[in-house]
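# Structural overview for review
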Amino acid sequence: MKKNDPASSIQDLRQFGEFGGVNPSITDSSTYTFLAADTMEDTFHGETQGCFLYSRHWNPSNKYLADALAALEETESGWITASGMAAITCTILELCNSGDHIVTSVTTYGGTFAFLKNYLPKFNIEVSFVNIADIESVERAIQPNTRLIYTESLTNPLLQISDIPALSDICRRNGIQLIVDNTFSPMIISPARLGADIIVYSMTKFINGKNDCVAGAICSSTDFIKRLSDVNSGTAMLLGPVLDPLRSSSILKNLHTLHIRMKQHGHNAMFLARRFSELGLKVIYPGLESHPQHDLMKELMNEEFGFGGMLAIDFGDHQTSNKIMQLMQENDIGYLAVSLGYFKTLFSCSGHSTSSELPPEIQKEIGLSEGLTRFSVGLDNDIERTYDKILYCMKELKILS
Ligand code: PLP
């Protein structure tokens, strides 16, 4: 297989603005004129190319960004949403009807878990939660009414790696769809190339990288994107979570530096993960040989972009996690905040924040300990200096002697 280079696919895009602008123009309009009434009618029925009707349906700024994401993911098309949750919920609701069944990784972002567990039963959609690293348990969970397998390429917050080719194989054999949330590993993992049918993103995170907005995306076949945006029955069209064109335009510019940022996030996270594990701390990071799926990660990843910016350290209990996070913030190591993919390091205690939707017994069952602290490692230029500061905090709190 040819070396995958999603960064060059974005670099090669030729997207210009009016008057030869080097960035595409922002279309600041909700509706569009037609010179001929027939063309408007044809556009309603999805039969014209290059025409825009109404910005909830499609707008040029979102189309530029969607095309860039499709290039990144090597899919035929893309669709831009107002949040990652909108991308996830629209995709699932488009594929499932009442009476259908979903198999999902039990470790997912807490909001996704809550949607699957608490919201879908309203529509009589049944969900089986499995350990995604146990391929046999995934296979056993498939039922005649299963429509899809849902997973995250790197799960939140336990950083399990989804064996996308093996999951795709189960989907092919059962005639169902594989949906992969690639929020933690853009550039690093190329789910479509590995066999996923639909890739969803919270662009709020690494893709945008600035924590100045919430946004999402869906990358898939042209048929699926047309289905989502159909004026009569498309879930995205009818539920309407469209992103504002001004935001699309700023995210598109940030997307062009994503490859550099991912390398630096990965370099810094690898440095900290190695050092912390040498100190005997319990560290979860896919780049460490101690990670149970390190070899799988190496098989699946586009190596030049590193192992990602996310790592988790188990400080044992919630109180210790809180104390170290506060002290790290006071020492300018980063911020005690949820979310990820920012240029500064962010840390949060997963079980009490972004995974608090998981009931305590499920947290325990999946190995999400009380003190598990998730780090989204920033773009620090001198990571050794950052490491020294963290070490100082740990010594102050007698986590290390
Ligand atoms: N997917 C993952 C892996 C996430 O971590 C998050 C948010 O933290 C989401 C999806 C939801 O994205 P958003 O907050 O943009 O709706």
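This is a predicted model, so every value here is computed, not measured.

### Observations concerning the overall build of the protein chain
When helices and strands are tallied, the protein chain shows 16 helices and 12 strands. Taken over C-alpha atoms, the radius of gyration comes to 21 Å for the protein chain, in line with the 21 Å a tight globule of 401 residues would show. Each principal axis of the C-alpha atoms in the protein chain carries an extent, and together these give about 75 × 55 × 40 Å. Expressed as a percentage of the 401 residues in the protein chain, the buried residues total 58%. For the protein chain, contacts bridging at least 24 residues in sequence account for 70% of all contacts bridging at least 6. Here the protein chain has roughly 17300 Å² of accessible surface; of this, 49% comes from carbon and sulfur atoms. Between the mean site of the 32 positive side-chain charges and the mean site of the 46 negative ones, the protein chain shows a separation of 5 Å.

### Considerations on the sheet that holds strand β12 (residues 372-376)
In a beta sheet, neighbouring strands are held together by backbone hydrogen bonds and run either parallel or antiparallel to one another. Here 5 strands make up an open sheet; going across it, the order is β8-β9-β12-β11-β10 and the pairing mixed. Each having just a single partner strand, β8 (282-284) and β10 (334-336) make up the two edges of the open sheet. When strand polarity is set aside, the average angle formed by the axes of neighbouring strands in this sheet is 25 degrees. As defined by bridge partners, strand β11 (residues 345-349) adjoins β12 across 4 bridges and the pair is classed as antiparallel. The partner of Leu-346 across the bridge, within β12, is Ser-376. Each of β8 and β9 (310-314) touches helix α12 (residues 258-278); the most contacted strand, β9, lies at about 20 degrees to it.

### With respect to the site of the ligand
As a structural note, the neighbourhood of the ligand is formed by 15 residues, with Met-85, Asp-181, Ser-202, Thr-204 and Lys-205 the closest of them. Side-chain polar atom of Asp-181 to a nitrogen atom of the ligand: 2.6 Å apart, as the coordinates give it. Taken atom by atom, the bulk of the ligand overlaps the second largest pocket. Looking at the shell around the ligand element by element, the count peaks at 3 residues for helix α4 (residues 84-95).

### Focus: the packing of helix α3 (residues 60-73) against helix α11 (residues 245-255)
Across the interface, α3 lies against α11 with an axial gap of 8 Å and an inter-helix angle of 30 degrees. Taken together, the axis directions place α3 and α11 in an arrangement best described as roughly parallel. Considering how the two elements wind past one another, α3 and α11 form a crossing that is left-handed. Contacts between α3 and α11 involve Ser-61, Asn-62, Tyr-64, Leu-65, Ala-68, Leu-69 and Leu-72 on the former and, on the latter, Pro-245, Ser-248, Ile-251, Leu-252 and Leu-255. Grouping the amino acids of the contact of α3 with α11 by side-chain chemistry returns 9 nonpolar, 3 polar and no charged.

### Some remarks on the nonpolar core
Generally speaking, a soluble globular protein has its nonpolar side chains buried in company with each other. Ranked by internal contacts, the top residues of the largest apolar core, which has 109 residues, are Leu-69, Ile-92, Ile-149, Met-203, Leu-255 and Leu-311. Broken down by element, the residue count for this core peaks at 8 residues, all from α12. Of the domains in this structure, domain 1 (6-255) and domain 2 (258-396) are the two that each give at least three residues to this core.

### Topic: α3
Under the 1.5 Å per step criterion, the end-to-end length of α3 is 20 Å for 14 residues, consistent within 8% with the ideal 20 Å. Most of α3 is tucked away: 11 of the 14 residues are buried. When we look at burial in α3, the residues that qualify are Pro-60, Ser-61, Asn-62, Leu-65, Ala-66, Ala-68, Leu-69, Ala-70, Ala-71, Leu-72 and Glu-73. The inward-facing, buried residues of α3 contact α1 (6-11), β1 (77-81), α8 (191-194), β6 (198-202), β7 (216-220) and α11. Positioned one or two residues after α3, Glu-74 has a phi angle of 55 degrees, which is positive.

### With respect to the pattern of salt bridges
The full count for this structure, using the stated rule, is 11 salt bridges. In this structure, Arg-173 and Asp-169 form a salt bridge, with 3.2 Å as the shortest nitrogen-oxygen distance. In this pair, Arg-173 and Asp-169 both sit in helix α7 (residues 164-174), 4 residues apart, roughly one turn of the helix. Between Asp-197 and Arg-172 there is a salt bridge whose closest N-O contact spans 2.7 Å. Highlighted residues: Asp-197 in the loop between α8 and β6 and Arg-172 in helix α7, separated in sequence by 25 residues. One salt-bridge network, held together by shared partners, links Glu-139, Asp-169 and Arg-173.

### What to know about the domain arrangement of the protein chain
Each assigned domain of the protein chain is listed here: domain 1 (6-255) and domain 2 (258-396). A C-alpha centroid distance of 27 Å is found between domain 1 and domain 2. Across the contact, 39 residues belong to domain 1 and 40 residues belong to domain 2. Roughly 3400 Å² is buried in total at the junction of domain 1 and domain 2, and carbon and sulfur atoms are behind 70% of that figure.

### A short note on the layout of surface pockets
What the largest pocket holds in volume is close to 670 Å³. What lines the largest pocket is a set of 25 residues, and nearest its centre among them are Gly-46, Thr-48, His-57, Trp-58 and Lys-226. Counting residues per element, the ones that place at least two in the lining of the largest pocket are α2 (37-44), α3, β1 and α9 (222-228). Looking at the lining of the largest pocket, the element that brings in the most residues is α9, giving 3 residues. Its residues assigned to classes, the lining of the largest pocket shows 7 nonpolar, 12 polar and 6 charged. Volume-wise, the second largest pocket comes out at about 330 Å³. What lines the second largest pocket is a set of 24 residues, among which Tyr-109, Asn-156, Thr-183, Ser-202 and Lys-205 lie closest to the centre. Those elements giving two or more residues to the lining of the second largest pocket turn out to be α4 and β6. Across the lining of the second largest pocket, the residue classes tally to 10 nonpolar, 9 polar and 5 charged. Residue contributions to the lining of the second largest pocket reach at least three from each of two domains, namely domain 1 (6-255) and domain 2 (258-396).

Here is what the cut-offs are and how they apply
Residues numbered from 1 in each chain as written. Predicted model: local features only at pLDDT ≥ 70, side-chain atom pairs only at ≥ 80, totals over all residues. Heavy atoms only, no water. Helix = DSSP H or I, 4+ residues; strand = E, 2+ residues; numbered from the N terminus. Rg over C-alpha atoms; globule rule 2.2 N^0.38 Å. Buried < 20%, exposed > 50% of the residue type's maximum accessible area, 1.4 Å probe, protein only. Contact = heavy atoms within 4.5 Å. Areas by Shrake-Rupley, 256 points an atom, 1.4 Å probe, with all protein chains shown as cover. Lys, Arg positive; Asp, Glu negative; His and termini not counted. Charge placed at Lys NZ, Arg CZ, Asp CG, Glu CD. Pairing = 2+ DSSP bridges. Axes fitted to C-alpha atoms, helices over the stretch in contact; angles between N-to-C directions. Near = heavy atom within 4 Å. Polar contact = N/O pair within 3.5 Å; in protein donor to acceptor, adjacent residues only side chain to side chain. 1 Å grid on protein atoms, 1.4 Å probe; cavity = no way out; pocket = protein on both sides within 12 Å on 5 of 7 lines; lining within 4 Å. Sits in = over half its atoms within 2 Å of the grid points. Parallel < 35°, antiparallel > 145°, perpendicular 65-115°, else oblique. Left-handed = near helix turned anticlockwise from the far one by under 90°. Nonpolar A, V, L, I, M, F, W, Y, C, P; charged D, E, K, R; others polar. Core = buried A, V, L, I, M, F, W, Y, C linked by side-chain atoms within 4.5 Å. Domains from an automatic or database assignment. Expected span 1.5 Å × (residues − 1). Salt bridge = Lys/Arg side-chain N within 4 Å of Asp/Glu carboxyl O. Buried area = accessible area lost by both parts, 1.4 Å probe. Points joined across faces, edges and corners; volume = space filled by probe spheres on them.

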